[in-house]
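Here is how the chains run, residue by residue.
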Amino acid sequence: MSASESLPGVIFVMIGPGGAGKNAIMRAVIAGSPTVRQLPTATTRPMRADEQQGREHHFVSMDGFRRLLSAGQLLEYQEVTPGKFYGIPRQLVIDCLRTGEARIADIEVFGAQKLAAAFPNNTVQIFVTVPGAKLQSQLNLLRERMQRRADAFTDIDSRLRRAQEVELPYQDKCDHIVVNDCLSSAIEATGDIIERELTARRLQEASL
């Protein structure tokens, strides 16, 4: 979108494999910030016990998701795991950026790429990963974390394949990388990244 340069808002995109702690970090950042709010995406997966309709996601049926697609209301969509679709609401993104809002969202890799391509000056990609010098040690830790979470809606083997093939290789394309070894430190690091980005944008606007 060519209007990206003139839009004052920003979307912080949290990217990373399942089990890395993206949502825990994101919730803490939102709770501690007076300005940053979540950008809800559309999904066909079931709502979890700690989620609310329209806050983390717009939870829709498969038929409802198809209607969003046919109406052109999604900027991008992907089948992240078998039968579980996610999409980015086009108009919500535009409205938030036009009004100068700071939003944060957990968006999968292909959606993040599409969002960054459409709004290159308004998207900051933050990759959240786990410690480990080798890929296998990272995958083992991700498996342990997903098993501890005991999420009935998570297909662990499928998520690990996606982590290895799609998500972990994407971190070099992101603006920032946060290693979630200690959750409190990862939350602090993410908050610092967001504050630096917002401060830089405020200074840039003041200089115009």
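Structural notes, computed from the coordinates. (Residues numbered from 1 in each chain as written. Predicted model: local features only at pLDDT ≥ 70, side-chain atom pairs only at ≥ 80, totals over all residues. Heavy atoms only, no water.)

### Structural notes on the sheet that holds strand β5 (residues 74-81)
Turning to step 1, where the next piece is worked out: Taken in spatial order, the four strands line up as β4-β3-β6-β5 in an open sheet, and their pairing is mixed. Whereas interior strands pair on both sides, the edge strands pair on one side only; in this sheet they are β4 (57-59) and β5. Across the sheet, the mean angle from the axis of one strand to that of its neighbour is 25°, orientation sign disregarded.
Turning to step 2, where the next piece is worked out: As paired elements, β5 and strand β6 (residues 84-89) share six bridges and run antiparallel to each other. Looking at β6, one finds that Glu 79 is bridged to Phe 85.
Turning to step 3, where the next piece is worked out: The sheet contacts of helix α3 (residues 90-98) involve β4, β5 and β6, and relative to β6 the element is tilted by about 35°. (Pairing = 2+ DSSP bridges. Helix = DSSP H or I, 4+ residues; strand = E, 2+ residues; numbered from the N terminus. Axes fitted to C-alpha atoms, helices over the stretch in contact; angles between N-to-C directions. Contact = heavy atoms within 4.5 Å.)

### A few points about the packing of aromatic side chains
Aromatic ring pairs: the centre-centre distance and the angle between the two ring planes describe each pair.
Turning to step 1, where the next piece is worked out: All chains considered together, the criterion is met by three aromatic pairs.
Turning to step 2, where the next piece is worked out: Plain terms: the ring middles of Phe 65 and Tyr 77 are 6.1 Å apart, the flat faces sit at 70° to each other, and that makes the pair edge-to-face. Remark: Tyr 77 occurs in strand β5 and Phe 65 occurs in helix α2 (residues 62-70); sequence separation between them is twelve residues.
Turning to step 3, where the next piece is worked out: Classification of Phe 65 as buried rests on a relative accessible area of 0%.
Turning to step 4, where the next piece is worked out: Through pairs of rings, three or more aromatic residues link up here, namely Phe 65, Tyr 77 and Phe 85. (Phe/Tyr/Trp six-rings, centres within 6.5 Å; stacked < 30°, edge-to-face > 60°. Buried < 20%, exposed > 50% of the residue type's maximum accessible area, 1.4 Å probe, protein only.)

### Structural notes on the pairing of strand β9 (residues 176-179)
Turning to step 1, where the next piece is worked out: Only one face of β9 is buried: it carries His 176 and Val 178, and the other face, with Ile 177 and Val 179, is open.
Turning to step 2, where the next piece is worked out: With four bridges joining them, strand β8 (residues 123-129) and β9 adopt parallel strand pairing. Within β9, the position partnered with Val 128 by the bridge is Val 178.

Limitation: the analysis is restricted to geometry and does not speak to function.
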